Amino acid sequence: MSKYGIGQPVLRFEDPRLLRGKGRFVNDVNLPGQAHAVFVRSPHAHARIRSIDVAAAQAAPGVLAVLTGHDVAADGLGMPKANMPRKRPDGKPMFAPQRPPLVVDRVRYVGDPVVMVVAGTLSEAKDAAELVAIDYDPLPSVTTTEDTVKPDAPAVWDECPDNVSNHVERGNKAATDAAIKAAARVVRRRYVISRVHAQYMEPRGALASYDEGEDRMVLHADVQYPHRVRNMLAQSVFKVPESKMRVIAQDVGGGFGTKGWQYVEHRLTLWAARKLRRPVKWTCERSEAVMADEHGRDNVGEIELALDKDNNFVALRLNMLANIGAYVGSDRNLLSPFGMIGTVLGVYRIPTAYIDVVGVLSNTNPTAPYRGAGRPEAIYLIERLIDDAARELGVDRIALRRRNMLPESALPYQSPVGPFYDCGQFEKNLDLAIELADVAGFEARKAASLKRGRLRGLGIVNAIEQAAGTAQPEYAEIRFNPGGTAALLMGTKAQGQGHETMFKQILHERLGIDPNDVQYIDGDTDRVAFGMGTNGSRSTVLGGSALYLAAGKVIEKGRRLAGHLLEAGEQDIDFADGVFKVKGTDRSVTLKQVAMAAFSPAKWPKGFEGGLYENATYLGQKDTFPNGCHVCEVEVDPETGDVTPDRYFVVDDVGTVMNPIGLKGQIHGGVAQGIGQILCEQVVWDRESGQLLTASFLDYAMPHAQMVPNMEVKSNPVPTQYNPLGAKGAGEAGTVGAMPVVMNAIMDALAPLGVTDVAMPATPLNVWRAIQQARN
C-alpha cells in the first residue's frame, strides 16, 4: 500500500511552509504606491444621519479621498440582492433590505460603515478618520432576538414594522398538530442559541488595484469563494464582464464560513483604486472585526416532542426565530439556519414533523453561515430535548435513544422534513462510543468527583449533518508539464484544512504521482478556470470527486499513447500505481514517461491530440450525511459555577477517510469551537442602548487550552454510494456534536441540584445563577 494514498496518515505538505512563516496571507501582499483605507463606522445601533462633514478630513495631511455613500451612488455601483423565492408568514413577499456599502441616511447597527478615508499611509488615514464629523439622531433599537417580534419593538426598517423578513416551512403542519394532540406525552422546551463571531486568527483584509491599460480590476482578499466573489463583483456591482475582474485568495488564516462571501470593503477598495488610479489596501483590525464582520447562530427554538405510551417518538414540532441582522445583502444571509435545519430530527425515526423558521430583522450585524451553518443548532435542539424528555419521563436517556434510533436496516430513509439518509450505522456508533468512553465507569468517576466537592456530568449525543450540497458543482484540473511533473488546480479554497495534502493523496491514489512532483494551485480566478469554493464540508466530496474524474480522463488519454509506445492495442493496456502495462507481459511505461511523450509529436499515434491536461466538473447526486456519536464528561464547581470539560470521545462516520491525521485535526478544531460557544463565547449588545459590549478580547471570551480536554477519536466509516470517493465530508462534524454534548453533560451534573436550564454560554456566572435559582 502506498504511503501517500487515500486513507494514509500523511503529514501535511503545507505545514513546513506555514510554520516557518513562509505563508502568504492577504496582509503580506503589498503593491508599489499603495494607499491605505480606514472606515468610519456607526457608534450607534440605530440612528438617523443628520449630516456628514468631511471637510476637515479632506484637508488632513496625506489624504487622497474621503468618500461617502453619495459618492457611491453618483458612480452607479450596484448592490447585490437576495434572490431566494421566500415569503413572509402572512404570505406577502419577503422583505430583504439590500446592504448599502456606505450608509447615507440611517445606520442600523454598531459598526455600519458610513465614510471611507483613503490616505498615503495608514496613520494618515486613521488621523483623518478622526476628523470626520457625523451628526446622528439616535433612535430606539432592538438587538435581542426574542425582543424583535414583541408588539412594542422598534422597527429596524419603517417598511417592515413587525421586523419579520421571511420564513421557511418544512413538513406537514396539519398532520403534526394532530399527532401532537393525540400523543400520550408531549415534552416542550425553549432553547436559546447565542450569537458568536468566528474570531479567525487572521482578520479580514483587501488589496485592490486597477490596470488602466487593460481596464481591469484585481482584488487580493481572504475569501472562501474566489470565483463567486469575482462573478458577483463583476455582474452585480461594477457591471463589467468577468474578464475585467480578477480575485486572488492565497493563504487564508481561518474562514469558518464567515469569510465565504463578498463584503462591502471588497467593492469599496476596488472602487477607490479605480477612482484614484493606485492600489488601495484595507486591513481589518482585531478591535474592528466584531463590528465589521457577519456573525453566526443567534436563534430561539420552541420545540415539542410527542411520544406514545411506549415512549416511541411520534411527532416533532419546531418554531424558531432566527436573527438575520439589519440587512439581507445576498442569499448567503438566508442560509443559516434555514437551509440545514432539516436534521433537527437527528438519527431518529419521527414519522411526522413540522418546522417553521422565521427570519427576523434586528439592529445587529447580518448573520451568515458559521461552522455548521444550522446543523449544530439542529442537533443541539433535538439532543437537548431527548435528554430533557428522559428526565421528565423518568427513563434512561440512552435507552430512549436506542428505542427511537433508525436501524441500519431502515436505510436509505426519507425524512419527513427533507433529508435523505442513504447509509450509516447509528447504533453501532453509539455502542462504540460508549465502550470507548468507558461509560460503565462513569458512576465511579462521579463519586470520586463528589468527594472533591465537584459535580460530574455525562453527555451522550448522536450527531448527523447535511453536507456537500448538490446545488453547485466543483472543478478540478490536472496539467502535465513537458518534463512529466504536474500542476493540480482546484476550484475549492483552502483556509487551513489541509486541502493540498488531501487532494495530492487522491491524485496519488489515482495516478501514482509523487506528491513532490505536483504543484498545487487554488484561489486565483485567472489560473483556475472555475470553482464554487469551500463551504458546507463540500471540498472532499465534490472537489475530490471532480479530481477523481479528471484523473480518469488522464488515464484514458494516457492509455492510448502508452499503447502506441508499447506497440500494443489500447484495449490491452492496464494502468495501476502510475504504470501502463501490456496485459500478461512485463512490458510497461510509466505515466511520467507517457506525459513527456505527450509533448513530443514524433511519439504520437496518428490523430493523437498532444499534451496531457484534463479537467472535470462534478455535481453531486445527493447530499451526504456525516454522522457520529460524541461523549463528554464535565466537572462543575457548585460554589463558583466553573465548568471543566474532563473527558471527550468521538466515533465518527465521514465516509471514506482520506487522511486520518487530517480528519482528527478537523474533529478537534470543530469540537473546540463547539466547546467555546457553550462555555464562553458570545456577542453581546446592551439590551437598552444597543451598544456592542464584546468588541475585543477583553470582553469576548475565547476558549483556551484548559477548556479543551484530550480527545479520543475513532472512525466507523460507511462510504456513501453517491460519489466516486464514498466521502461524506468532515469539516463541520466536530462542532455539530460538541455543542449539545457539552451542554447535556453540564445539565446532567446540575440535575441533582434541581437545575433545569442554564443560559448559553454556560459561564461560571450563568451556571452559578442557575444553581442559586434552583436552591431558592
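Up top is the structure these notes are about.
These numbers were taken from a predicted model, which means no experiment stands behind them. (Residues numbered from 1 in each chain as written. Predicted model: local features only at pLDDT ≥ 70, side-chain atom pairs only at ≥ 80, totals over all residues. Heavy atoms only, no water.)

**Student:** Teacher, can you tell me more about the overall build of the chain here?
**Tutor:** What the chain contains, in helices and strands, is 18 helices and 28 strands. The principal-axis extent of the C-alpha atoms belonging to the chain is close to 90 × 70 × 50 Å. For the chain, the proportion of its 776 residues judged to be buried stands at 61%. Taking the intrachain contacts of the chain between residues at least 6 apart in sequence as the baseline, contacts between residues at least 24 apart amount to 79%. Carbon and sulfur atoms provide 50% of the accessible area of the chain, an area that totals close to 28,800 Å². Charged side chains of the chain number 86 positive and 91 negative; the gap between the two group centres comes to 2 Å. (Helix = DSSP H or I, 4+ residues; strand = E, 2+ residues; numbered from the N terminus. Buried < 20%, exposed > 50% of the residue type's maximum accessible area, 1.4 Å probe, protein only. Contact = heavy atoms within 4.5 Å. Areas by Shrake-Rupley, 256 points an atom, 1.4 Å probe, with all protein chains shown as cover. Lys, Arg positive; Asp, Glu negative; His and termini not counted. Charge placed at Lys NZ, Arg CZ, Asp CG, Glu CD.)

**Student:** Which parts of the structure should I look at to understand the sheet that holds strand β4 (residues 106-107)?
**Tutor:** Adjacent strands of a sheet pair through backbone hydrogen bonds, lying either parallel or antiparallel. If you trace the 3 strands from one edge of the open sheet to the other, you get β4-β2-β6, paired in antiparallel fashion. Bordering the open sheet on either side are β4 and β6 (133-138), each of which pairs with just one other strand. Summarising the sheet, strand β2 (residues 47-53) and β4 pair through 2 bridges and their orientation is antiparallel. Bridge pairing links Arg48 to Arg106 in β4. (Pairing = 2+ DSSP bridges.)

**Student:** Honestly, the side chain of Thr735 in this entry has me stumped. Any pointers?
**Tutor:** Among the secondary structure elements, Thr735 is positioned in helix α17 (residues 733-750). Given the relative accessible area of 1%, Thr735 is considered buried. A polar contact of 2.9 Å, which involves the side chain of Thr735, links it to the backbone oxygen of Gly670. (Polar contact = N/O pair within 3.5 Å; in protein donor to acceptor, adjacent residues only side chain to side chain.)

**Student:** Looking at this structure, how should I read the packing of helix α13 (residues 499-511) against helix α14 (residues 539-565)?
**Tutor:** For any two helices packed against each other, one specifies the crossing angle of their axes together with the interaxial distance. As a packed pair, α13 and α14 sit with axes 9 Å apart at the nearest point and diverge in direction by 35 degrees. Helix-helix and strand crossings are classified by hand; for α13 and α14 the assignment is right-handed. Residues His499, Met502, Phe503, Ile506, Leu507, Arg510 and Leu511 of α13 touch α14, and the partners they reach there are Ser539, Thr540, Gly543, Gly544, Leu547, Tyr548, Ala551, Gly552, Val554 and Ile555. Residue composition of the contact of α13 with α14, by class: 10 nonpolar, 6 polar and 1 charged. (Axes fitted to C-alpha atoms, helices over the stretch in contact; angles between N-to-C directions. Left-handed = near helix turned anticlockwise from the far one by under 90°. Nonpolar A, V, L, I, M, F, W, Y, C, P; charged D, E, K, R; others polar.)

**Student:** Is there a simple way to think about the packing of aromatic side chains in this case?
**Tutor:** For any pair of aromatic rings, the description rests on two quantities: the centre-to-centre distance and the angle between the ring planes. Taken as a whole and assessed by the stated rule, the structure comprises 17 aromatic pairs. Ring centres of Trp157 and Tyr327 lie 5.8 Å apart, and the angle between their planes is 75 degrees; this geometry places the pair in the edge-to-face category. Placement of Trp157 in the loop between β6 and β7 (164-171) and of Tyr327 in the loop between β14 (313-325) and β15 (352-361) is noted, with a sequence separation of 170 residues between them. Judged by relative accessible area, which is 12%, Trp157 ranks as buried. Aromatic side chains Phe313 and Tyr348 sit 6.0 Å apart centroid to centroid with 75 degrees between the ring planes, which places their arrangement in the edge-to-face category. Linking Phe313 in strand β14 with Tyr348 in the loop between β14 and β15, this pair joins segments that are 35 residues apart in sequence. Of the two residues, Phe313 and Tyr348, neither departs from the other in class, the shared state being buried. (Phe/Tyr/Trp six-rings, centres within 6.5 Å; stacked < 30°, edge-to-face > 60°.)

**Student:** Whenever I open this one, the sheet that holds strand β13 (residues 296-307) confuses me. Can you help?
**Tutor:** Strand order in the open sheet made by the 5 strands is β7-β15-β14-β13-β8, with mixed pairing throughout. Two strands bound the open sheet, and with one partner strand each, they are β7 and β8 (185-196). Along the sheet, successive strands turn relative to each other by an average axial angle of 10 degrees, direction set aside. Relative to β15, β7 runs antiparallel, the two sharing 7 bridges. Its bridge partner lying in β15, Val168 is registered against Val357.

**Student:** I keep staring at the environment of Met702 and nothing clicks. Help me out?
**Tutor:** Take Met702: it is sitting in the loop between α16 (660-679) and β28 (711-715). Spatially, the C-alpha atom of Met702 lies 23 Å from that of Ala378, the residues being 324 residues apart in sequence. Filtering out sequence-adjacent residues up to four positions away, Met702 remains in contact with Gln199, Cys680, Glu681 and Phe697.

**Student:** Looking at this model, I keep getting lost on unusual backbone geometry. Mind explaining?
**Tutor:** Among all residues except glycine, the phi angle is most often negative; among peptide bonds, the trans geometry is most common. The omega torsion of the bond from Ser336 to Pro337 falls at 5 degrees, within 30 degrees of zero and hence cis. On the secondary structure map, Pro337 appears in the loop between β14 and β15. Cis geometry is adopted by the peptide bond preceding Pro761, which originates at Met760 and carries an omega value of 0 degrees. Counting through the fold element by element, Pro761 comes out in the loop between α17 and α18 (764-775). One non-glycine residue, Asn163, lies in positive phi territory at about 65 degrees. Checked against the element boundaries, Asn163 lands in the loop between β6 and β7. Since its relative accessible area comes to 0%, Asn163 is described here as buried. Even without being a glycine, Asp298 presents a positive backbone phi close to 75 degrees. Inspection of the secondary structure assignment puts Asp298 in strand β13.

**Student:** What's the story with α13 in this structure? I'm lost.
**Tutor:** One full turn of an α-helix is made of 3.6 residues, so residues set three or four places apart face in the same direction. Taking 1.5 Å of rise per residue, 13 residues should cover 18 Å, and α13 covers 18 Å from first to last C-alpha, within 8% of that figure. Across the 13 residues of α13, 11 count as buried, placing the element largely inside the fold. Among all positions in α13, only His499, Glu500, Thr501, Met502, Phe503, Lys504, Gln505, Ile506, Leu507, His508 and Leu511 are buried. Buried-residue contacts for α13 involve β19 (474-480), β20 (486-490), β21 (518-522), α14, β22 (573-576) and α15 (591-597). The positive-phi residue at the C-terminal boundary of α13 is Gly512, with phi of around 75 degrees. (Expected span 1.5 Å × (residues − 1).)

**Student:** Got a minute to help me understand the nonpolar core in this structure?
**Tutor:** Side chains of nonpolar character tend, in soluble globular proteins, to be buried together. Formed by 133 residues in total, the largest nonpolar core has its most connected members in Leu316 and Ile746. Looking at this core element by element, the count peaks at 12 residues for α17. Once residues lying within four places of it in the same chain are set aside, the contact partners of Leu316 are Thr176, Ile303, Glu304, Leu305, Val344, Leu345, Ile350, Thr352, Ala353, Tyr354 and Ile382. (Core = buried A, V, L, I, M, F, W, Y, C linked by side-chain atoms within 4.5 Å.)

**Student:** Hey, could you run me through the pairing of strand β27 (residues 643-653) in this one?
**Tutor:** In regular strands, side chains alternate between the two faces of the sheet. Within β27, 9 of the 11 residues are buried, leaving the element largely enclosed by the surrounding structure. Two elements, strand β26 (residues 627-636) and β27, share 10 bridges in a ladder whose sense is antiparallel. From the neighbouring strand, Cys632 faces β27, where its bridge partner is Tyr648. From the end of β26 to the start of β27, which pair antiparallel, there are 6 residues, and Gly641 there has a positive phi angle of about 80 degrees. Both β27 and β28 contribute to a ladder of 5 bridges, which runs parallel. Bridging across to β28, Val651 finds its partner in Lys714.

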